[in-house]
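Here is how the chains run, residue by residue.
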Amino acid sequence: MTTDTMLSPASRFVQFYALTKPRVVQLIVFCALIGMVLAVPGWPSGAQWLHMAVSCLGIWLVAAAAAAFNCLVEKHIDARMQRTAWRPTARGELSSSQALAFSAALCSLGSVILFIGSNPLTMWLTLATFVGYAVIYTVVLKPRTPQNIVIGGASGAMPPVLGWAAMTGQVGPEALILFLIIFLWTPPHFWALALYRVEDYRKSGLPMLPVTHGSEHTRLQILLYTVVLFAACLLPFVYGMSSWLYLAAAVVLGAGFCAYAWRLRRHYSDALAWRTFKFSLVHLSALFAALLVDHYLFF
Ligand code: HEM
Ligand SMILES: CC(C)=CCC/C(C)=C/CC/C(C)=C/COP(=O)(O)OP(=O)(O)O
């Protein structure tokens, strides 16, 4: 085993970077950016682009800090699950103090950037989101209730609210509509993954829905949430935030998610659950991309 002193700086960087759950945080920041874009009528000025970039950096840093704190808190749980056992904290390659210092540094830097480069409200809301995910979800809810990801999903749904606040200094109804969409998207997103990882979660001792209530109940919940999500995704058009282009995307993507959920309910397979999980990522990414394109074409 490579000792700490033998690790190159690049290898050490890779270890710390892995704690930030980069691909998750990438979509988190993209959703925050869409909140920023929708808050600014028309094409942004140079100063507004700079403001967006600085705000995205601050949000990325705090989200990365939250993910790293989650890895620290769950290192023993991660070590018991095949999907997460590779993580540097689970393998003991990074100590708890190293992970804590890394998370604290990212969170502090991100907070200062938001306070100075964006506005105090955005900093406070982002810190509240950090606490919501890293403490309320990870420490309080996750080990105790199968509703952990529904309640904890509120923190994951905050990015568009943060983006809107960054550009306006307030929280508008448009931002809350985007919050609702991600809030309703999270349960089918996660429960599809939890279905094919159910044995992993059973070993971990975590009360995820497929473990506590079984596959059939979970698949019904996924279907119910995707149907409600379909309706919620129409709200940007109904509220006048978006036009026909977005509506078409919302209908096609929402119908696709409902179709996956319906098939999963009727004929379960791990392969279909995995494809449903992967489609959830396509759904949210493409939906928010449609908001972006629609905004610049019509607003
Ligand atoms: C409490 C809410 C959420 C839970 C419990 C959850 C759970 C998960 C889990 C367990 C994975 C697999 C990660 C891995 O195996 O490394 C995952 C992947 C992912 N999640 Fe979520 N998620 C949540 C919310 C979100 C939100 C709000 C977003 C973005 C807006 C998001 C974006 C992603 C992405 C992009 C991936 C793929 C990561 C990869 O391919 O490595 N998730 N999610
Ligand atoms: C702006 C800001 C502070 C954002 C924080 C929100 C955030 C980072 C949400 C991440 C969502 C997510 C991947 C949860 C999975 O956690 P998990 O512990 O269930 O996943 P795991 O089992 O893969 O560790």
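Residues numbered from 1 in each chain as written. Chains lettered and ligands numbered in written order. Predicted model: local features only at pLDDT ≥ 70, side-chain atom pairs only at ≥ 80, totals over all residues. Heavy atoms only, no water.

Considerations on the site of ligand 2
- Near ligand 2 lie 16 residues; those nearest to it are Arg83, Arg87, Tyr133, Tyr137 and Lys142.
- Within the contact set of ligand 2, an oxygen atom lies 3.1 Å away from a side-chain nitrogen or oxygen of Glu74.
- For ligand 2, an oxygen atom lies 2.6 Å from a polar atom in the side chain of Tyr137.
- Surface burial for ligand 2 is 88%, taken as the share of its 640 Å² of free accessible area covered by protein chains.
- Secondary-structure elements contributing two or more residues to the shell around ligand 2 are helix H2 (22-39), helix H3 (46-73) and helix H6 (120-141). (Near = heavy atom within 4 Å. Polar contact = N/O pair within 3.5 Å; in protein donor to acceptor, adjacent residues only side chain to side chain. Areas by Shrake-Rupley, 256 points an atom, 1.4 Å probe, with all protein chains shown as cover. Helix = DSSP H or I, 4+ residues; strand = E, 2+ residues; numbered from the N terminus.)

A short note on the pattern of salt bridges
- Scanning the model with the defined rule gives four salt bridges in all.
- A salt bridge links Arg87 to Asp78; the nearest nitrogen and oxygen atoms lie 3.3 Å apart. Asp78 shares its class with Arg87; the two are buried.
- With a closest N to O distance of 2.8 Å, Glu93 and Arg91 form a salt bridge. (Salt bridge = Lys/Arg side-chain N within 4 Å of Asp/Glu carboxyl O. Buried < 20%, exposed > 50% of the residue type's maximum accessible area, 1.4 Å probe, protein only.)

A closer look at the domain arrangement of the chain
- On domain assignment, one finds that the chain holds domain 1 (9-171) and domain 2 (172-299).
- Computed from C-alpha coordinates alone, the two centres of domain 1 and domain 2 are separated by 21 Å.
- Facing 37 residues of domain 1, the contacting portion of domain 2 comprises 36 residues.
- For the pairing of domain 1 and domain 2, the buried interface totals around 3,100 Å² over both sides, and the portion due to carbon and sulfur atoms is 74%.
- A per-residue breakdown of the area domain 1 buries against domain 2 is headed by Leu38, Arg83 and Ile149, which together make up 18% of the total.
- The interface formed by domain 1 and domain 2 holds zero salt bridges in total.
- Looking at the side of domain 1 that touches domain 2, the elements that each hand over two or more residues are H2, helix H4 (75-80), helix H7 (148-156) and helix H8 (159-168). (Domains from an automatic or database assignment. Contact = heavy atoms within 4.5 Å. Buried area = accessible area lost by both parts, 1.4 Å probe.)

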